Amino acid sequence: MSEKNNIDKKLSSIKNLLAKQNLVGNLIQRQEMSRQDIVESLVQKQNSIELERLIKKLEVNEIARILEALSEQERIVVWDHIESSRRDDVLLDVSDDIRMDLVSDETPNKEQITVIRVFDLFKGRLRQIPIYSRKDLEKAKPIWVDLVTPEIEQLEWAREIFGAHIPNPNELTDLETSARFYIEDNGEIHLHSNFLLDTTKESMNVTVAFVLKDKILFTVRNEELPVFRLQRLRARAEAGYVSQAKDVLLDLYAADIEYSANALEDVYSRLEKVGSQVVKSYMTNSQAATILSDIAIEEDLNGKIRRNVMDTRNALSFLMRSKLLSASQHEDVKEILRDIDSLDGHTSFLFNKINFQMDATVGFLNVNQNIDLKRLTIISVVFMPVNIIAGIGGMSEFSMMTNGIPWPLAYGCFVLIMVAIGALTFIGLRAFENKRIERLRSEGN
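Residues numbered from 1 in each chain as written. Predicted model: local features only at pLDDT ≥ 70, side-chain atom pairs only at ≥ 80, totals over all residues. Heavy atoms only, no water.

Trainee: Looking at this structure, I do not really get the overall build of the protein chain. What am I missing?
Mentor: Along the backbone of the protein chain there are 16 helices and 7 strands. Put simply, the protein chain has 445 residues, and 39% of those count as buried. Of all intrachain contacts in the protein chain linking residues separated by at least 6 positions in sequence, the fraction that spans at least 24 positions is 69%. (Helix = DSSP H or I, 4+ residues; strand = E, 2+ residues; numbered from the N terminus. Buried < 20%, exposed > 50% of the residue type's maximum accessible area, 1.4 Å probe, protein only. Contact = heavy atoms within 4.5 Å.)

Pasting the structure below:
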């Protein structure tokens, strides 16, 4: 009980600091004097430093509990203040949903992704072996070798030491299905699959090459992917999570489907926000343009998720047809395929929802355009008789008719007559439109 009270106190302190940062951020946006901006930004920086110091004093399990208690925006702020060296330990201690969100939103540094990672099994768990030279790689007995933007020298090390035909990630392109899944004469299994990368900055499908050779899985790609990091974290945390290279391969595909499902949930929530704007009774053209842009982004992401899911299904079907899996692995593949079937229904529903929202938004644009055209038509009808009268006033006959009348009086009366005719025309059009609306209502009842 005392431990819970201690965490609650620290959580309260962190929330107070987050509230101060948010308040200062709002003040900075409202201030116009540069000197005041500087003062407020310094205060915000001080709050940030204080928050970082407080987090450094916390234990990993305390940080995990605090992250679970915070809102999504507060969680991201706190996560940014956690040291990089402690993040993996924190991720191991949080719930799966929060772990997925934090890993998905994180953008790795270049220094972090240009590496060769080697893993072996130690007491039923994946263990990363530090590789600093060729000798380190020669001594290793891995089940998984992960190459992310590897240098040519690193590729050559792996090829020569393990005797595997590992492709260059720069040469991974969209190939025909028959060329993406195959077994070589020496027993090597080659698969080229797309994995989803969905961050706040970009969404894309990244091609990953898998090579299974002598009970070792080699993975090659040009981008660090959240799915791979999740796999490493889970295999480290749970004993018996993987027992061989094929388990790692299947778990990567399963994690990719889970990641795609999480991305679909985000698409759902964003489309709900867009839908609340679409159902309004009125929408300006600028609002409609913004909504169309948002819908197009979600449609593109939904298409990438569907393509990614279909590609995963093809890879798993190839493994099943090749009879390379054990009975338990075969059941795991069936479970993944059932998840894929459920995602297919979700992507189809989202496509329909996107099409509906896009059609509704375009309908608002058409309504606004019709309103503008109607206004122009009314203006042209109102001024049509006025133009006729004005044309008559410009003729020489009018000057002859008003020859004995002072011209200010003649033309003043003439202008009043034009205004009266225009007003009568407008009133007549309005009365006619009201009668038409009443007739339509009576027919509808």
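After that view, the rundown keeps rolling.
Trainee: Explain the sheet that holds strand 5 (residues 189–198) here, please?
Mentor: Backbone hydrogen bonds hold the strands of a sheet together, and the pairing may be parallel or antiparallel. Taking strand neighbours across the sheet as the criterion, the 7 strands line up as 2-1-3-7-6-5-4 in an open arrangement whose pairing is mixed. Only two strands of the sheet have a single partner each, and these edge strands are strand 2 (125–129) and strand 4 (181–183). Here the strands of the sheet are splayed against their neighbours by 25 degrees on average, with no regard to which way each runs. Two elements, strand 1 (residues 115–122) and strand 2, share 5 bridges in a ladder whose sense is antiparallel. Paired with Asp120 across the two strands is Arg127, which belongs to strand 2. Sitting on the sheet, helix 12 (residues 245–278) is in contact with strand 3 (144–148), strand 5, strand 6 (203–213) and strand 7 (216–221), with an inclination near 25 degrees to strand 5. On the sheet, helix 13 (residues 285–321) packs against strand 4, strand 5 and strand 6 and is oriented at approximately 155 degrees with respect to strand 5. (Pairing = 2+ DSSP bridges. Axes fitted to C-alpha atoms, helices over the stretch in contact; angles between N-to-C directions.)

Trainee: What is the right way to look at the confidence of the model for the protein chain in this model?
Mentor: Predicted coordinates in regions of low pLDDT should not be interpreted in detail. With 77% of its residues at a pLDDT of at least 70, the protein chain reaches an overall mean of 77. Low pLDDT (under 50) marks residues 23–43, which in the prediction has 12 contacts with non-local residues, meaning those over four places away or in another chain. Across residues 109–114 the pLDDT falls below 50, and counting only partners more than four positions away or on other chains, this stretch makes 7 contacts in the model. (pLDDT = per-residue confidence, 0-100.)

Trainee: Which parts of the structure should I look at to understand the packing of aromatic side chains?
Mentor: The description of two aromatic rings rests on the distance between their centres and on the angle between their planes. Summed over all chains, the structure comprises 10 aromatic pairs. Seen from their ring centres, Phe119 and Trp144 are 4.9 Å apart, and the 25 degrees between their planes marks the pair as stacked. Here the residue Phe119 occupies a position in strand 1, and Trp144 occupies one in strand 3, the gap between them amounting to 25 residues. Assessed through its relative accessible area of 2%, Phe119 is described here as buried. Each member of the aromatic cluster is reached from another via a ring pair, and the members are Phe119, Trp144, Phe195, Phe210, Phe228 and Tyr253. For Arg221, the ring lying beneath its charged end belongs to Phe228, and the centroid distance is 3.8 Å. (Phe/Tyr/Trp six-rings, centres within 6.5 Å; stacked < 30°, edge-to-face > 60°. Lys NZ or Arg CZ within 6 Å of the ring centre and 35° of its normal.)

Trainee: Hey, could you run me through the packing of helix 12 against helix 13 in this one?
Mentor: When two helices pack together, their arrangement is captured by the angle between the axes and the distance separating the axes. At their nearest, the axes of helix 12 and helix 13 sit 10 Å apart, and the two run at 160 degrees to each other. With respect to helix 13, the element helix 12 is oriented roughly antiparallel. Of the two possible hands of crossing, helix 12 and helix 13 adopt the one that is left-handed. Partitioning the contact of helix 12 with helix 13 into residue classes produces 18 nonpolar, 5 polar and 4 charged. (Parallel < 35°, antiparallel > 145°, perpendicular 65-115°, else oblique. Left-handed = near helix turned anticlockwise from the far one by under 90°. Nonpolar A, V, L, I, M, F, W, Y, C, P; charged D, E, K, R; others polar.)

Trainee: Which parts of the structure should I look at to understand the pattern of salt bridges?
Mentor: Any two side chains of opposite charge can pair if their charged atoms end up close together. Tallied over the full model, the rule gives 16 salt bridges. With a closest N to O distance of 2.7 Å, Glu335 and Arg338 form a salt bridge. Here Glu335 and its partner Arg338 are both found in helix 14 (residues 327–393), 3 residues apart, which amounts to about one turn of the helix. Judged by relative accessible area, Glu335 falls into the partly exposed class, the value being 40%. On the basis of relative accessibility, which here comes to 46%, the residue Arg338 falls in the partly exposed class. Here the salt bridges do not stand alone but share partners, grouping Arg117, Asp146, Arg221 and Glu224 into one network. (Salt bridge = Lys/Arg side-chain N within 4 Å of Asp/Glu carboxyl O.)

Trainee: Where do I start with unusual backbone geometry in this structure?
Mentor: Excluding glycine, residues mostly carry a negative phi; peptide bonds, for their part, are mostly trans. Phi at Lys215 takes a positive value of approximately 65 degrees, unusual for a residue other than glycine. When you line up the elements, Lys215 lands in the loop between strand 6 and strand 7. The phi dihedral of Lys323 falls on the positive side, at around 55 degrees, and the residue is not glycine.

Trainee: I tried to follow the environment of Glu138 on my own but got confused; where do I start?
Mentor: Among the secondary structure elements, Glu138 is positioned in helix 8 (residues 134–139). Sequence separation between Glu138 and Trp157 is 19 residues; the distance between their C-alpha atoms is 8.7 Å.

Trainee: Explain the nonpolar core here, please?
Mentor: For soluble globular proteins, nonpolar side chains are generally found buried alongside one another. Trp144, Leu191, Phe210, Leu217, Phe228 and Leu316 are the most contacted members of the largest nonpolar core, which totals 55 residues. Of all the elements in the fold, those that place two or more residues in this core are strand 5, strand 6, helix 11 (226–237), helix 12, helix 13 and helix 14. By residue number, the principal contributor to this core is helix 12, which donates 15 residues. Apart from residues no more than four positions distant in its own chain, Trp144 is found in contact with Arg117, Val118, Phe119, Leu126, Ile216, Leu217, Thr219, Phe228, Gln231, Arg232, Val248 and Leu252. (Core = buried A, V, L, I, M, F, W, Y, C linked by side-chain atoms within 4.5 Å.)

Trainee: What is the right way to look at the pairing of strand 7 in this model?
Mentor: Successive side chains on a regular strand alternate, one facing one side of the sheet and the next facing the other. Burial of strand 7 is extensive: 6 of the 6 residues sit out of reach of the surface. Alignment of strand 3 against strand 7, held across 5 bridges, turns out to be parallel. Among the inter-strand pairings, Val148 is bridged to a residue of strand 7, identified as Arg221. Strand direction decides the pairing type here: strand 6 and strand 7, joined by 5 bridges, are antiparallel. Residue pairing in the sheet places Val211 in a bridge with Phe218 of strand 7. Adjacent in sequence and paired antiparallel, strand 6 and strand 7 are bridged by 2 residues, among which Asp214 carries a positive phi angle near 50 degrees.

Trainee: I'm lost on the environment of Val115 in this one. Help?
Mentor: Within the secondary structure layout, Val115 lies in strand 1. Exposure remark for Val115: the relative accessible area of 22% places this residue in the partly exposed category. It is 8.5 Å that separates the C-alpha atoms of Val115 and Glu151, two residues lying 36 residues apart in sequence.

Trainee: It is not clear to me how a nonpolar patch on the surface should be interpreted in this structure. Could you clarify?
Mentor: On the surface, Leu373, Leu376, Ile379 and Phe383 cluster together to form a nonpolar patch covering roughly 400 Å² of accessible area. Structurally, Phe383 can be placed in helix 14. (Patch = residues over 30% accessible without salt bridge, like charges linked within 9 Å, V, L, I, M, F, W, Y side chains within 5 Å. Areas by Shrake-Rupley, 256 points an atom, 1.4 Å probe, with all protein chains shown as cover.)

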